[in-house]
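Reading the structure
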Amino acid sequence: MAEQPVDERATPVRVPPAPAFEYYYVVQRPRVVVKRDLLPAFSVLSAISLFGLPLGWLWAWLAPPQNVVAQQDGSLIPVTGESYHRLDGLMLFVLMGLAAGLITGIAVWLLRERRGPVVMLAATLGGGLAAYLAQLTGTGAAGSRYAVDAAPAVGDVIALAPVLETWWGLLAWPLGTALAYGCLAAWNGLDDLGRRLG
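Residues numbered from 1 in each chain as written. Predicted model: local features only at pLDDT ≥ 70, side-chain atom pairs only at ≥ 80, totals over all residues. Heavy atoms only, no water.

1. Brief notes about the packing of aromatic side chains
Our working definition: In this analysis, rings of Phe, Tyr and Trp, with Trp reduced to its six-membered ring, are considered paired at centre separations within 6.5 Å, and the interplanar angle assigns stacked below 30 degrees, edge-to-face beyond 60, and tilted for intermediate values. Runs of H or I in DSSP of at least four residues are treated as helices and runs of E of at least two as strands, each being numbered from the N terminus. For every residue, the accessible area (1.4 Å probe, protein chains only) is compared with the maximum for its type, and the residue is labelled buried under 20%, exposed over 50%, or partly exposed between those bounds.
On inspection of all chains with the given rule, the structure shows 4 aromatic pairs. Aromatic pair Trp-59 and Phe-93: ring centres 6.2 Å apart, planes at 85 degrees, arrangement edge-to-face. On the criterion of sequence distance, the pair formed by Trp-59 in helix α2 (residues 52-62) and Phe-93 in helix α3 (residues 85-109) is long-range, its members being 34 residues apart. Neither residue differs from the other here; Trp-59 and Phe-93 are each classed as buried.

Given below as structure tokens:
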């Protein structure tokens, strides 16, 4: 078989490069459900706020009173070391609110079909309202428990009711709720927080 003569004048054929393959995958992110979650969110807010009443009553029974001595001029002087009970009552209220907030956040997270920012916001607001009701109930119940019947005589030791002198304690319950719910949502890792699995 005879070889074909090579034409030295032929130019090489340039083949265009293949286009780069681009693959676009559009992730369908679930949208935040607002309208459908409003009524359950209101129910969550109302139910959580009612738990502030027994918590306040429990605080009134656990918080220590402050023992004071009646003076001749009518003033009440705390017994040595008893003024620390003002802080003890506040710290007890904060710890109880924080524990209730953690339990609230976990309980609301278990409502799988309603997970999302609407119910989380309702639970946080409900925790704030519950803490407010707990403070009102607790100080009222403690005041009636340690009520002084008659005017004290000079030198009498009186147990004053525990009081909450600042509103900063009200933040423990909603912060505990938001912390628990937020940690569970971050740990979940699903785009819809598992709603579709419910």
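The structure having been displayed, the exposition proceeds.
2. Here we look at the layout of surface pockets
The criterion, for reference: Buriedness for pockets is judged along seven lines, at least five of which must meet protein on both sides within 12 Å for an open set on the 1 Å grid over protein atoms alone, while cavities are sets there where a 1.4 Å probe fits but cannot get out, and lining residues have an atom within 4 Å of a point. Grid points are joined across faces, edges and corners, and a volume is the space filled by probe spheres set on the points. Throughout, the ten residues Ala, Val, Leu, Ile, Met, Phe, Trp, Tyr, Cys and Pro are labelled nonpolar, Asp, Glu, Lys and Arg are labelled charged, and all others, Gly among them, are labelled polar.
By volume, the largest pocket amounts to about 250 Å³. If you trace the largest pocket, you find 16 residues lining it, with Arg-31, Val-33, Arg-115, Asp-192 and Arg-195 closest to the centre. Counted by class, the lining of the largest pocket contains 6 nonpolar, 1 polar and 9 charged residues. Size it by volume and the second largest pocket reaches roughly 180 Å³. For the second largest pocket, the full set of lining residues is Ala-47, Ile-48, Phe-51, Ala-99, Ala-100, Ile-103, Thr-104, Ala-107, Val-108 and Trp-173. Put simply, the parts of the chain that give the lining of the second largest pocket at least two residues each are α1 (38-50) and α3. The greatest single-element share of the lining of the second largest pocket, amounting to 6 residues, is contributed by α3.

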